[in-house]
Amino acid sequence: MTQFGYAGRILRVDLTTGRTDTIPSAPYTEGFLGGRGIAARFYWETVPPGTGAFDAGNTLVYATGPVTGFITIPGGSRWQICGKSPLAEPEFFSYANLGEKWGTYLKSAGYDALTIRGSAESPVYVHVTEDSAAVKDARHLWGKSAFEAADALKAELGKETSVLTIGTAAENLIPFATMLTDDGSSGASGFGAVMGAKKLKAIAVSAGRFRPTAARPERLEELTHWIIRMRRDTWKDWFENIPGKTRDRACYGCPSGCFRKAYSEGGRRYKFFCQAVHVYWKHALKSSGGADTGTLAIRLCDRYGLDTTIMEPMIDWLLLCHREGIISERETGIPFGEIGGARFIETLTRMIARREGFGAVLAQGTRKAAAALGREAERLLSATAITRAAETRDYDPRLIPTNALLYATEPRRPIHQIHEVSHALWLWRNWANGEKVGFLSYRDLV
């Protein structure tokens, strides 16, 4: 049975038994809103209280919403991953929001969601098509970076396949490990580590023939044109392109775009976008490496599978600890004297992802690392991080009080909601200062 915006099926995979089956999605889509609604209900039904994030009983739900698959409208590429997150104590139900084509391919294969339960004895990957789903041997992929694993699977399965993979950090159960799609969309909440605990290296989805339908296509087209007109050129100059390196690139199927950039290096395309840019940017620009070192840091985090929203404040916190004499280069093996350079970020990301030396302390997460170093290190953490997961401090609630409620009630940094107020004020300020990027004027407020 299909519904407007939905395919009508949920695919279930049990890695312990290797079995797959499908169930109707109507009981979920009719009563719960969007991909996260589906995921929350399914999680409530299947994950017993007390289940740990790395336990076989933790279910990961890869879910689409009713808009996913309408690739000619803004937001048509968005999808969610939900489950028990290992980011903080106590562990909690959380989500990751991704874009690009993986979610659209899942919908085109005829599924509204994919659920993964259980744990495999040895590394596996899941291959999904519109006719079948199979759990396959991935021992040849284990140990490869997220980039390398995706390349190998696409070469094996064909170009009309989208691949979600994990890297070294997830294999080593780093609690802030991410997942990465073959076109560069990354997912946080530590779900990469949950995949690693399940010995699930990748999920490959081959495009199918299903296309969602709208209840009122004409009205949908009208609203799409209105949204595009409202968004046109609003964000285009938010991040300037790096001359000769980056260019504007919207997500798969997005007709409006934003300030997302991309660049090519060594025959591969990489993203240059949003928070990930800032993970090492301010330090790199002060060094001789400049923008090249800044983009290197993003690639390293994606290659290993390290969450940049946690790595950015961790780097700042480490520098504070070094300045205050709490840690030294000699005892940690981190080249603090080369901050901003390539060797610093290469050393730090490698040590954490592989749990080498002092990297094993940092691999626990910043809060646990601070606790291990003592009270003064814990005090310094508040200057850089804001959530239980030690994510970067964005749009401080002391400046925008409404953000305090969002930080207090969301399982992780709710950047999509915080942007609603913060960016409106930001753009109004730009307009008031006569800056180029500033479309919100007094006339829009009355």
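Conventions and cut-offs
Residues numbered from 1 in each chain as written. Predicted model: local features only at pLDDT ≥ 70, side-chain atom pairs only at ≥ 80, totals over all residues. Heavy atoms only, no water. Helix = DSSP H or I, 4+ residues; strand = E, 2+ residues; numbered from the N terminus. Contact = heavy atoms within 4.5 Å. Pairing = 2+ DSSP bridges. Axes fitted to C-alpha atoms, helices over the stretch in contact; angles between N-to-C directions. Buried < 20%, exposed > 50% of the residue type's maximum accessible area, 1.4 Å probe, protein only. Polar contact = N/O pair within 3.5 Å; in protein donor to acceptor, adjacent residues only side chain to side chain. Arc of directions from axis to C-beta.

On to the environment of C321, then. Of note, C321 is situated in helix α11 (residues 308-323). Put simply, C321 and L373 are 52 residues apart on the chain and 9.4 Å apart in space, counted from C-alpha to C-alpha. Ignoring any residue separated from it by four or fewer positions in sequence, one finds C321 in contact with I326, I327, A377 and L380.

Now for the sheet that holds strand β14 (residues 261-265). One open sheet accounts for three strands, arranged β13-β14-β15; its pairing is antiparallel. Only two strands of the sheet have a single neighbouring strand rather than two, namely β13 (246-248) and β15 (268-272). Geometrically, the sheet is characterised by an average inter-axis angle of 35° between neighbouring strands, direction not taken into account. Note that β14 and β15 share five bridges and pair antiparallel. Opposite K261, over in β15, you have F272 as the bridge partner. Those strands touched by helix α10 (residues 290-304) are β14 and β15, and its axis lies near 105° from that of β15.

This next bit is on the sheet that holds strand β3 (residues 60-64). Read from one edge of the open sheet, six strands run β2-β1-β6-β3-β4-β5, paired in mixed fashion. Because the sheet does not close on itself, it has two edges, and the strands there are β2 (19-24) and β5 (92-98). Taking each pair of neighbouring strands and ignoring which way they run, the sheet shows an average axis angle of 20°. Contacting β1 (9-14), β2, β3, β4 (79-85), β5 and β6 (113-117), helix α2 (residues 34-46) crosses the sheet at an angle of about 150° to β3.

As a further point, take the pairing of β1. Note that β1 and β2 share six bridges and pair antiparallel. Counterpart to D14 in the pairing with β2 is R19. Hairpin connection from β1 to β2: four residues lie between these consecutive antiparallel strands, with G18 at a positive phi of about 80°.

Its place among the elements puts S422 in helix α18 (residues 415-432). The exposure class of S422 is buried, given its relative accessible area of 3%. Among the polar contacts made by the side chain of S422, one reaches the main-chain carbonyl oxygen of I418 at a distance of 2.9 Å. If we skip the residues at most four places from it in the chain, S422 touches Y395, I400 and N403.

So, about helix α15 (residues 366-373). Listed as buried for α15 are T366, A369 and A370. The buried residues of α15 occupy an angular sector of 100° when projected down its axis, which confines them to one face. Buried residues belonging to α15 abut α11, α14 (359-362) and α16 (375-381). The positive-phi residue at the C-terminal boundary of α15 is G374, with phi of around 120°.

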